[in-house]
Amino acid sequence: MKYKVLFLLATMGLMSYVTNAQRGVRIGYIDTEYILQNVPEYQEATSQLEVKVQQWKTEIEQRLNEVDTKKKQLNSESVLLTKELYEERLEDINFEEAEILDYQQKRFGPNGDLMMQKKQLIQPIQDQIFQAVQDMAKSRNYDFVFDKSADVVMLYSAERFDISDEVIRAISRTAKRTQAQNKAERRAAEDEEVVPEINEELEARQKALDEKKAEKEKAIEDRKALQQAKRDSLKSAAEARRQKILDDRAKAKAEREGSTIENDSTSVKSDAGKTPAQIAEEKRQQTLKDREARKKELEERRKKILEEREKAKKEREEQNKKSDTIPNNNN
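Thresholds, definitions, all that
Residues numbered from 1 in each chain as written. Predicted model: local features only at pLDDT ≥ 70, side-chain atom pairs only at ≥ 80, totals over all residues. Heavy atoms only, no water. UniProt positions renumbered as here; feature names shortened; annotations may be inferred. pLDDT = per-residue confidence, 0-100. Helix = DSSP H or I, 4+ residues; strand = E, 2+ residues; numbered from the N terminus. Contact = heavy atoms within 4.5 Å. Buried < 20%, exposed > 50% of the residue type's maximum accessible area, 1.4 Å probe, protein only. Pairing = 2+ DSSP bridges. Salt bridge = Lys/Arg side-chain N within 4 Å of Asp/Glu carboxyl O. Axes fitted to C-alpha atoms, helices over the stretch in contact; angles between N-to-C directions. Parallel < 35°, antiparallel > 145°, perpendicular 65-115°, else oblique. Left-handed = near helix turned anticlockwise from the far one by under 90°. Nonpolar A, V, L, I, M, F, W, Y, C, P; charged D, E, K, R; others polar.

Where an unreviewed UniProt entry is consulted, the chain appears under the name OmpH family outer membrane protein, with the organism given as Geojedonia litorea. According to the UniProt record, the Sequence similarities (unreviewed entry) comment for the chain is "Belongs to the Skp family."

Novice: Outline the confidence of the model for the chain, listing residues and values.
Specialist: Considering every residue of the chain, the mean pLDDT works out to 77; 74% of them sit at 70 or more. Per-element mean pLDDT across the chain ranges from 50 in helix H1 (residues 2-19) up to 89 in helix H4 (residues 83-108). Below pLDDT 50 for its whole length, residues 188-200 participates in 19 contacts with residues either more than four positions away or in separate chains.

Novice: I'd like to hear about the pairing of strand S2 (residues 144-147), residue by residue, with values.
Specialist: Where burial is concerned, the two faces of S2 differ: the one with Phe144 and Phe146 is buried and the one with Val145 and Asp147 is not. Summarising the sheet, strand S1 (residues 27-30) and S2 pair through four bridges and their orientation is parallel. By the bridge assignment, Ile30 is partnered in S2 with Asp147.

Novice: Could you give an account of the pattern of salt bridges, naming the residues involved and the relevant values?
Specialist: Here the structure, examined in full by the defined rule, presents 17 salt bridges. Where Asp102 meets Lys216, a salt bridge forms, and the shortest distance between an N and an O atom there is 3.9 Å. Of this pair, Asp102 sits in helix H4 while Lys216 sits in helix H8 (residues 200-270); the two residues are 114 residues apart in sequence, bridging distant segments of the chain. Each of the salt bridges in this network shares a partner with another, and the network as a whole consists of Glu99, Glu221 and Lys224.

Novice: Just give me the short version of the packing of helix H3 (residues 40-77) against H4, but keep the residues and values in it.
Specialist: Where H3 meets H4, the axes come as close as 10 Å, and the angle between the chain directions of the two elements is 165°. Between H3 and H4, the interaxial angle falls into the category roughly antiparallel. Regarding H3 and H4, the two cross each other, and that crossing is left-handed. Taken together, the residues of the contact of H3 with H4 break down into twelve nonpolar, two polar and eleven charged.

Dropping the structure here:
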């Protein structure tokens, strides 16, 4: 940057020395940011773009909040779900979150809609500024016209050399002439997007971006179809396993009910000729036996679960020891 400024100063000094005998060097500068702030069309288009940006942000925020709600709901229901159903729902949530992030990148990424529309928004005004500066420099014999808001560092600039207001008036006059001569085009432009394409180069860039966007969307659709097929397969398998579990439970319940009916019939036969007190005492004793049997069964289950947990813990510890010893052997 320093060398660029020195080069410009040296060039200006040389030109001033060479042309000093004939006339002084005419220098002017503009402030592009100031011009953009005072062009009504640019400000109106910027406001429309801000509305769109706010809508995109609101949409993304709402979708992310929905994903967070689904995650919380899944965590609260995890104890009631099988491992397969939990993983299936978690995969759906992660896929939905990835789609939202991809949409966010599509809107606000380096090559997203926001950056493209900003470029489309500023390009026509820049072309008008450039054309106005060219015409003004030729008509008024300016030797140099700098942009104050560009990379050139202007440590000091006198206001009398600032031609930004004149550029704004030139752009306004051109816009008024265009509006007076093309009312139909003005009405059509009001129904279009924020800023239309204005030259072949922009159209070519937009076409390339559209093709790239179409390829990306096709890849996303193919990936979604593949993931959907995978989810359908997992869902079918999980449903089959769930149905098998329900059938086994129904079968076991039927067997228990049949056994209860047989016991009741046997007890009815054996109760013949006994007093009600004897029958009540036998039922109480039987209830105590059944309770002890269930307690014993539960205790055996608990012991079995504890043994399985201890076994799994030992297996994990042995696996960790093996994995810890492998790097040492390599060393």
